[in-house]
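Tertiary structure, described
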Amino acid sequence: MKKHLSSLFVGILVASLVVGPMAAAADLTADVVVIGAGGAGVSAANYAADRGARVILLEKMPFPGGASLLAAGNLTAAGTKLQEKLGVEAPAGEFQRQLEEEAVFPYDAELVRVHAERSGEALNFMIDLGVEFWPELMELPYRHKTVDPNTARFIKFALDAFKSKGGEVLLRTRATELIMDNGSIAGVKASASDGREMVIGTKAVVIATGDFSANQSMMSDEYKNALGFGPVSSTGDGILMAQAVGAATVNMDKAVFFGNAVEVSPGQAGFSWGRSLCDLGAIYVNSDGMRFSKDVMNSAECAQAMHDQEVQGKAIWVVFDEAIKNDLHAKDFPTLVTVWDPETEAKEIEKGEHIIKADDIGALARRMGVAPEKLQETIDNYAQYVKDGQDPEFNRPSFARAIAEGPYYAMRQRIGIYPTIGGLCIDTKARVLDDGGQPIPGLYAAGDVAGGVSTNGRDTLIPAMVYGMIAGEEAAGLAR
Ligand SMILES: Cc1cc2nc3c(=O)[nH]c(=O)nc-3n(C[C@H](O)[C@H](O)[C@H](O)COP(=O)(O)OP(=O)(O)OC[C@H]3O[C@@H](n4cnc5c(N)ncnc54)[C@H](O)[C@@H]3O)c2cc1C
């Protein structure tokens, strides 16, 4: 017993010695460190600074914003200044009910309630910063739309406001590890812009690092081959850092997926016009050289059909000829993939990795890795269906033209995901919970990095901001 106590004492002494020099050796100190300058992070940083906290905001990229730079500005909220001005009743309780009715993923009803209750405040925060909204609602009573095509200016305005309150922003600074002292947050390790490791001493950390759609190693088997539709910064760092100090996660195998993705850079998805090509006469075939769907589908049907093939380990191609390609261009789609310009497309065709061009079906099939006779049979059958105006296999609803004259094309189609739905378990105070459901002292999370908030994977910027605001308030309160 005596030996046990003395080793316990030595343990405590060692722990305090370790913590003491660490705190003394900290390169910087802050009341609150926020990791990630997206919508959740800039909201947390402002709310904490408003409450008198000394805040440092870390951002690993050379520019702030993450997915929040790309958000299309479709924002749902209850109790906004615009709704008030228009005399539109938008009760938070009703909003919560609607969110729960639209649920596709498991969620925590309390987290949804708080999101609904403070959604108006989040949108008003944007308005007060100077973000402009169209004067009418897009959909009654909750859907607002920014005048800008995206929310990049929200990030700029929020960061300007934060800096004017004395807040410090460190770009190109990647948080790498949480430092603990007796089970509580004591600091953050980060790799600075010059590659140096730095330590920031703090008692409160807000993790706002976004989702993990750009990190295939964190995907469940179902999405192992999926490409990321979100930003390249979405590598799940915050989840990994928090898990290392005992945080629990939820819904890690869930994601929103889309079809018609093409790999435009390693692991990253770009939208192709595969669906439009099918409207104009193209067909989808799998690696067996066979059709697997009615080709002409809405985006949800298309995503599901492609997902089903990918789960079976089959590659998917959209196959068409020069005439169909020309029809697409004539409809004001200059390229086959939204983010390609004609020059990039020409290079991609030459490379032949994501899009293959060949003078005859046999050559096309061989480069696709498909049996030539099978692909020929599929294209011949389809030509007959076009002639008959009837598709006995899949009941294709419309036939623009057959795949007739070469050159022929096959464009590889993949599943793209964004956002991943899973993340850190939090409570309504944005506190990160451990496996026992207990808050980890000093650790908060908000935005796409947190799980259990979004019921349907849509309109996720306002809830990111709501929990960012709450995390900022709570973290500043802890520091006082
Ligand atoms: C194309 C697109 C359109 C969208 N449209 C809408 C829409 O119309 N309406 C809507 O409500 N939602 C929309 N969304 C979703 C919305 O943008 C996100 O839910 C929201 O922006 C998430 O905010 P966040 O702060 O959690 O993450 P992010 O905005 O992704 O921010 C995370 C930040 O953390 C940084 N980071 C990550 N790891 C580290 C680290 N280790 N150290 C330091 N920094 C780190 C990242 O670089 C990034 O800047 C859209 C998303 C996309 C991709």
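Refer to the structure presented above.
Below is a summary of the structure that appears in this document.

Conventions we followed
Residues numbered from 1 in each chain as written. Predicted model: local features only at pLDDT ≥ 70, side-chain atom pairs only at ≥ 80, totals over all residues. Helix = DSSP H or I, 4+ residues; strand = E, 2+ residues; numbered from the N terminus. Buried ≥ 20, exposed ≤ 12 C-beta atoms within 10 Å, placed from the backbone. Contact = placed C-beta atoms within 7 Å. Pairing = 2+ DSSP bridges. Axes fitted to C-alpha atoms, helices over the stretch in contact; angles between N-to-C directions. Near = placed C-beta within 6 Å. Nonpolar A, V, L, I, M, F, W, Y, C, P; charged D, E, K, R; others polar. Arc of directions from axis to C-beta. Core = buried A, V, L, I, M, F, W, Y, C linked by C-beta atoms within 7 Å. Left-handed = near helix turned anticlockwise from the far one by under 90°.

**Focus on the overall build of the protein**
In terms of helices and strands, the protein carries 14 helices and 21 strands. Here the C-alpha coordinates of the protein stretch approximately 85 × 65 × 40 Å along the principal axes. Residues counted as buried form 48% of the 480 residues belonging to the protein. Put simply, of all contacts in the protein between residues at least 6 apart along the chain, 74% involve residues at least 24 apart.

**Side note on the sheet that holds strand 21 (residues 439-445)**
With respect to topology, six strands assemble into an open sheet ordered 6-3-2-10-21-20, the strand pairing being mixed. On the outer flanks of this sheet lie strand 6 (168-170) and strand 20 (431-433), each paired with one strand and no other. For this sheet, the mean inter-axis angle between neighbouring strands, taken without regard to orientation, is 30 degrees. Both strand 20 and strand 21 contribute to a ladder of two bridges, which runs antiparallel. Residue pairing across strands places Arg431 opposite Tyr444, the latter belonging to strand 21. Across the sheet, helix 2 (residues 39-50) is in contact with strand 2 (32-35), strand 3 (55-58) and strand 10 (204-207); its angle to strand 3 comes to roughly 170 degrees.

**Brief notes about the site of the ligand**
In the region of the ligand, 42 residues are neighbours, and Gly36, Gly38, Gly66, Gly210 and Gly447 sit closest. Grouping the constituent residues of the shell around the ligand by class yields 20 nonpolar, 16 polar and six charged.

**A look at helix 10 (residues 322-330)**
Along helix 10, the positions that sit buried rather than exposed are Ile324, Lys325 and Leu328. For helix 10, the angular spread of buried residues about the axis comes to 100 degrees, placing them on one side. For helix 10, the exposed residues lying more than 90 degrees away from the buried face are Asn326 and Ala330. Of the residues one or two after helix 10, Asp332 is the one with positive phi, at around 75 degrees.

**Some words on the sheet that holds strand 8 (residues 184-191)**
Strands sit in the order 1-9-8-7 across an open sheet of four strands; the sheet is mixed. With partners counted over all chains shown, the strands left at the sheet margins are strand 1 (28-29) and strand 7 (174-181), one partner each. Examined bridge by bridge, strand 1 and strand 9 (residues 197-201) share two bridges and lie parallel to one another. Note that in strand 9 the partner of Thr29 across the bridge is Gly201.

**Observations regarding the nonpolar core**
Among the nonpolar cores identified, the biggest contains 90 residues, and Val206, Ala445 and Ala446 are the most heavily contacted of them. It is helix 14 (residues 461-479) that contributes the most residues to this core, 12 residues altogether. Those residues in contact with Ala446 that lie beyond four places of it in its chain are Ala40, Ala44, Val206, Ala208, Ala430, Ala464, Tyr467, Gly468 and Ala471. Core analysis: the second largest hydrophobic core is formed by 54 residues, Ala255, Phe258, Val319 and Phe320 among them.

**Some points on helix 4 (residues 92-101)**
Of all the residues in helix 4, the buried ones are Phe95, Gln96 and Leu99. The buried residues of helix 4 occupy an angular sector of 100 degrees when projected down its axis, which confines them to one face. Across helix 4 from its buried face, at more than 90 degrees, point the exposed residues Gly93 and Glu101. Buried-residue contacts for helix 4 involve helix 5 (109-129).

**Some points on the environment of Glu393**
Residue position: Glu393 is located in the loop between helix 13 (372-388) and strand 18 (408-420). The spacing of Glu393 and His115 is 278 residues in sequence and 47 Å in space, taken between C-alpha atoms.

**Remarks on the packing of helix 2 against helix 14**
Across the interface, helix 2 lies against helix 14 with an axial gap of 7 Å and an inter-helix angle of 35 degrees. When the axes of helix 2 and helix 14 are compared, the crossing they make is right-handed. Touching Gly39, Ala40, Gly41, Ser43, Ala44, Ala45, Asn46, Tyr47 and Ala48 of helix 2 are Leu461, Ala464, Met465, Tyr467, Gly468, Met469, Ala471, Gly472, Glu473, Ala475 and Ala476, all from helix 14. Class assignment for the residues of the contact of helix 2 with helix 14 results in 13 nonpolar, six polar and one charged.

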